[in-house]
Amino acid sequence: QVQLVESGGGLVQAGGSLRVSCAASGRTLSRYIMGWFRQAPGKEREFVAASSWSGGSIYYADSAKGRFTISRDNTKNTVYLQMNSLKPEDTAIYYCTADLLPATSARIMGAGSHDYWGQGTQVTVSS
């Protein structure tokens, strides 16, 4: 079993930066790939980024490339999403996911079924 707890969300002005965290717990976390998804009001849930614990497999959505960076601290079992140059359209609830490897890119980046979800953390970007 895996448990995921997000934190670090808040209110930030456009152009600012924010880092959200996902604290993971479980016996075999190294066998999972970690991801970030987000859902804005009235919109579909969308993929943001994903990374294995080794960093050997990393994925970014086009909307995240160049502005967002996914990283991890294996000693703390924590995955981070550093968000820079934030825009109002980045406003959403950000969720952490975990999927058992091996997993296809379609499953990793899909908005549907994932093995584990966190409760989400709200990120609001003001204009």
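Coordinates for the structure precede this section.
What comes next is a walk through the structure. Since the structure is predicted, the reported quantities are computational estimates derived from the model, not experimental observations.

Moving on, we get to the packing of aromatic side chains. For the structure shown, the criterion picks out four aromatic pairs. Their ring planes at 55° and their centres at 5.5 Å tell us that phenylalanine 37 and tryptophan 117 sit as a pair that is tilted. Within this pair, whereas phenylalanine 37 is found in strand β4 (residues 32–39), its partner tryptophan 117 is found in strand β10 (residues 116–117), the two being separated by 80 residues in sequence. What makes phenylalanine 37 buried here is its relative accessible area of 0%. Summarising the aromatic geometry, the rings of tyrosine 95 and tryptophan 117 are spaced 6.0 Å apart at their centres and angled 85° between planes, so their arrangement reads as edge-to-face.

A full pass over the atoms with the stated rule returns one disulfide. Here cysteine 22 connects covalently by a disulfide to cysteine 96, the sulfurs 2.1 Å from one another. Disulfide cysteine 22 to cysteine 96: torsion about the S-S bond roughly -80°, handedness left-handed. With cysteine 22 in strand β3 (residues 18–25) and cysteine 96 in strand β9 (residues 92–100), the pair connects residues that are 74 residues apart, well separated along the chain.

Our focus in this paragraph is unusual backbone geometry. Note that the residue after leucine 101, namely proline 102, is joined by a cis bond; omega there is 0°. Turning to its location among the elements, proline 102 is positioned in the loop between β9 and α1 (105–109). Phi is positive for asparagine 77, close to 50°, though the residue is something other than glycine. Here asparagine 77 is to be found in the loop between β7 (68–73) and β8 (78–83). Backbone geometry places serine 85, a non-glycine residue, at a positive phi of 50°. Tracing the backbone shows serine 85 in the loop between β8 and β9. Judged by its relative accessible area of 42%, serine 85 falls in the partly exposed class.

Analysis parameters
- Residues numbered from 1 in each chain as written.
- Predicted model: local features only at pLDDT ≥ 70, side-chain atom pairs only at ≥ 80, totals over all residues.
- Heavy atoms only, no water.
- Phe/Tyr/Trp six-rings, centres within 6.5 Å; stacked < 30°, edge-to-face > 60°.
- Helix = DSSP H or I, 4+ residues; strand = E, 2+ residues; numbered from the N terminus.
- Buried < 20%, exposed > 50% of the residue type's maximum accessible area, 1.4 Å probe, protein only.
- Disulfide = S-S within 2.5 Å.

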